[in-house]
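Below are the chains, spelled out letter by letter.
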Amino acid sequence: MPAARRDWTRESLAAGVRAGDKRALARAISLVENSDPLSYELVRDIYPETGKAYAIGVTGPPGVGKSSLISALLRHLRAQERTVGVISVDPSSPFTQGALLGDRIRLSDHFLDPGVFIRSMGTRGHLGGLAEATLQALLVLDAAGKELVFLETVGAGQGEVEVIGIADTIVLVLMPGSGDSVQALKAGIMEIPDVIAVNKMDHPAATTMVNEVRSILSLDRDRSWRPPIVLTEATRGENVPELWEKIEEHRAHLESEGGLEERRRKNLAAEVFAVASGRMKAHLERAVADDPELRRLLDEVQRRELDPLTAVREIMERVFKLDDATDGTDSR
Ligand SMILES: Nc1nc2c(ncn2[C@@H]2O[C@H](COP(=O)(O)OP(=O)(O)OP(=O)(O)O)[C@@H](O)[C@H]2O)c(=O)[nH]1
Ligand SMILES: [Mg+2]
């Protein structure tokens with residue numbers, strides 16, 4: 001495939017991304033997925049032009065209809081001629097080729113539409129983890145001029161919400177039978193999303209699920225934004241315009257109170273710190289593994305010849321050249 005293998009330079013790739021060229025976008029996201037140094041350079045080049053796209057995170061347990069809902073939303077949005085990008089993030093890749101295939105089928109109506117770019121993304125060897133890869137991919141689609149970008153991730157634990165934590169609006173999709181997620185919401189394990197879709201409303205237990213979710217949300221009265229719950233049927237497009245309306249209302253709510261800037265500031269700061277901490281940790285683990293002297297320290301701790309915090313102090317000095325970091329007083 002000579003076209004697919006075409007050699008992109010930093011300049012041609014950035015130009016292709018800016019022009020919204022599908023091959024350039026596909027290439028750029030593959031580079032992001034593989035932590036290729038060229039992807040870092042690309043994002044550095046395009047970053048000043050980003051911040052225009054509105055990012056919508058779509059999360060929820062397996063099989064609730066996230067991809068079907070996104071596909072239905074795409075139909076609605078394309079009728080309004082809005083340009084859209086979709087990144088389906090699959091944390092369990094490479095073991096779920098099936099899910100990726102499912103996404104392709106669900107979203108296949110839109111593959112030929114020049115106003116839409118859709119991509120499933122795993123993390124084959126991505127050094128910085130899914131959250132970092134997702135952010136980079138979002139920035140690429142943002143620079144390509146997509147007005148709206150959907151980030152789909154499966155799961156409903158905190159980990160998955162972190163993957164799409166960069167999103168401006170987070171939609172949680174549930175269906176009758178998503179009891180575990182409702183429990184996670186109730187126990188505060190999962191952060192309250194901005195909009196909740198209870199999909200598969202054709203199922204008889206759908207209204208019961210809505211009532212359960214509503215009673216949990218009613219416990220939390222202090223929010224300036226009360227997450228709306230929308231019953232949907234993705235396969236028939238039922239209530240999909242209503243779901244979109246709620247997403248737009250959340251956006252308007254954020255924008256009216258200066259909350260969008262605030263949220264983005266927080267999201268980006270969290271992202272930068274998360275990536276930096278991830279790298280520090282990887283660096284530390286490598287250093288300890290490669291340095292017999294450091295491993296000796298750990299043995300001494302085990303033999304009770306050295307106390308744990310003294311070992312920490314020595315490790316910090318040796319690996320990060322930090323003095324006095326053991327008590328945490330200098331780390332704010
Ligand atoms: N009855 C019914 N089936 C639906 C509805 N929405 C989606 N489905 C079906 O549910 C199955 C899963 O849909 P997907 O859209 O792939 O769900 P998903 O949440 O993206 O799945 P993963 O990405 O694999 O977690 C498919 O067979 C859909 O046809 C709905 O509203 N009603
Ligand atoms: Mg899906």
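Every chain's residues receive numbers from 1 upward, in the order its sequence appears when written. Working convention: letters from A go to chains and numbers from 1 go to ligands, in the order in which they are written. Totals for whole chains, interfaces and linings use every residue, but because this is a predicted model, local features are given only for residues with pLDDT of at least 70 and side-chain atom pairs only at 80 or more, for both listing and counting. To get the side-chain values, take all heavy atoms of the structure and skip hydrogens and water.

Caption draft 1: The arrangement of the pattern of salt bridges in detail. By definition, a salt bridge exists where a carboxyl oxygen of Asp or Glu is found within 4 Å of a side-chain nitrogen of Lys or Arg. Under the definition given, this model contains 20 salt bridges. In this structure, E238 engages R236 in a salt bridge whose closest nitrogen and oxygen atoms are separated by 3.3 Å. A simple rule labels every residue: compare its accessible area, found with a 1.4 Å probe on the protein chains alone, to the largest value its type can have, and call it buried under 20%, exposed over 50%, or partly exposed in between. Overall, E238 belongs to the partly exposed group, its relative accessible area being 30%. Residue K246 pairs with E249 through a salt bridge whose shortest N-O separation is 3.7 Å. Residue K246 and its partner E249 are located together in helix α11 (residues 240-256), separated by 3 residues, close to a single helical turn. Taking the relative accessible area as the measure of exposure, K246 reaches 25% and is therefore partly exposed. On the basis of relative accessible area, E249 is assigned to the partly exposed category, the value being 35%. Sharing partners across several salt bridges, the network here consists of R10, E41 and D45. For helices the rule is a DSSP run of H or I covering at least 4 residues; for strands it is a run of E covering at least 2, with both sets numbered from the N terminus onward.

Caption draft 2: Up close: the confidence of the model for the protein chain. As a per-residue measure, pLDDT tells how confident the predictor is, with possible values from 0 to 100. Averaged over every residue, the pLDDT of the protein chain is 86; residues scoring 70 or more account for 86%. Any pair of residues with heavy atoms lying within 4.5 Å of one another is described as a contacting pair. Across residues 94-99 the pLDDT falls below 50, and counting only partners more than four positions away or on other chains, this stretch makes 2 contacts in the model.

Caption draft 3: Layout of helix α10 (residues 206-217). One fewer than the residue count of a helix, multiplied by 1.5 Å, yields its expected span. The terminal C-alpha atoms of α10 lie 17 Å apart, and with 12 residues this matches the ideal 16 Å at 1.5 Å per residue to within 8%. What α10 keeps buried is the set A206, M209, V210, V213, I216 and L217. On an axial view of α10, the arc spanned by its buried residues comes to 125 degrees, and they lie on one face. By arc we mean the arc of the directions from the helix axis to the C-beta atoms, nothing more.

Caption draft 4: Geometry of the nonpolar core. Ranked by size, the top nonpolar core spans 37 residues in total, and within it L13, V17, I29, L42, I87 and V140 carry the most contacts. Looking at this core, the elements that each hand over two or more residues are α2 (10-18), α3 (22-33), α4 (37-46), β2 (84-89), β3 (116-121), α7 (129-143) and β4 (148-154). Broken down by element, the residue count for this core peaks at 9 residues, all from α7. Those residues within four positions of L42 in sequence are excluded, and the remaining contacts are L13, A14, V17, A28 and V140. For this analysis, a nonpolar core means a set of buried residues of the types Ala, Val, Leu, Ile, Met, Phe, Trp, Tyr and Cys, connected via side-chain atoms within 4.5 Å. Membership of the second largest hydrophobic core comes to 28 residues, among which are V64, A234, L243 and L254.

Caption draft 5: Geometry of the packing of α2 against α3. The interhelical angle for the contact between α2 and α3, taken along N-to-C directions, is 120 degrees, at an axis separation of 8 Å. In terms of orientation, α2 and α3 fall into the oblique class. In this structure, α2 crosses over α3, and the sense of that crossing is left-handed. When α2 is examined against α3, the residues L13, G16 and V17 are found in contact with a partner set consisting of A24, L25, R27, A28 and L31. Amino acids outside the nonpolar list (Ala, Val, Leu, Ile, Met, Phe, Trp, Tyr, Cys, Pro) and the charged list (Asp, Glu, Lys, Arg) are all regarded as polar, and Gly is one of them. Broken down by class, the residue content of the contact of α2 with α3 amounts to 6 nonpolar, 1 polar and 1 charged. A fitted line through C-alpha atoms serves as each axis, taken over the contacting stretch for helices, and the angle formed by two N-to-C directions is quoted from 0 to 180°. Geometric relationships in this document are graded by angle, where less than 35 degrees denotes roughly parallel, more than 145 denotes roughly antiparallel, 65 to 115 denotes roughly perpendicular, and other angles denote oblique. For any pair of crossing helices, the crossing counts as left-handed if the nearer helix is rotated counterclockwise from the farther one by less than a right angle, and right-handed if it is rotated clockwise.

Caption draft 6: Seen up close, unusual backbone geometry. Even without a glycine there, the phi angle at S35 is positive, about 55 degrees. Phi angles above zero are rare outside glycine, and R304 is one such case at about 65 degrees. Relative to the elements of secondary structure, R304 occurs in the loop between α13 (292-302) and α14 (308-320). The exposed category is assigned to R304, whose relative accessible area is 79%.

Caption draft 7: Structural view of the pairing of β2. Along β2, 6 of the 6 residues are buried, which leaves the element largely enclosed by surrounding structure. Side chains of β2 alternate between two faces, with V84, V86 and S88 and G85, I87 and V89 buried alike. Examined bridge by bridge, β2 and β3 share 6 bridges and lie parallel to one another. Bridged to V86 within β3 is I118. Should DSSP find at least two bridges between two strands, the strands are regarded as paired.

Caption draft 8: Spotlight on the pairing of strand β6 (residues 195-198). Side chains V195 and A197 of β6 all project onto a buried face; the interleaved residues I196 and V198 project onto the opposite face, where all are buried too. Taken together, the 4 bridges between strand β5 (residues 169-174) and β6 define a ladder with parallel strand orientation. Within the sheet, the bridge partner assigned to V171 lies in β6 and is V195. The path from the first strand over the helix to the second decides the hand: if it runs clockwise while the strands point away from the viewer, the crossover is right-handed. With helix α9 (residues 179-186) bridging β5 and its parallel neighbour β6, the resulting β-α-β unit is right-handed. The sheet contact formed by β6 and strand β7 (residues 229-231) spans 3 bridges and is parallel. Bridge assignment links V198 to a residue of β7, and that residue is L231. In terms of handedness, the path from β6 via α10 over to β7 forms a crossover that is right-handed.

Caption draft 9: Focus on the sheet that holds strand β1 (residues 54-60). Strand order across the open sheet formed by 7 strands is β3-β2-β4-β1-β5-β6-β7, with parallel pairing between neighbours. This sheet does not close on itself; its edge strands, each paired only once, are β3 and β7. On average, adjacent strands in this sheet sit at an angle of 20 degrees to one another, irrespective of strand direction. Sitting on the sheet, helix α5 (residues 66-79) is in contact with β1, β2, β3, β4, β5 and β6, with an inclination near 170 degrees to β4. Against the sheet, α10 contacts β5, β6 and β7, and its axis sits at roughly 175 degrees relative to β7.

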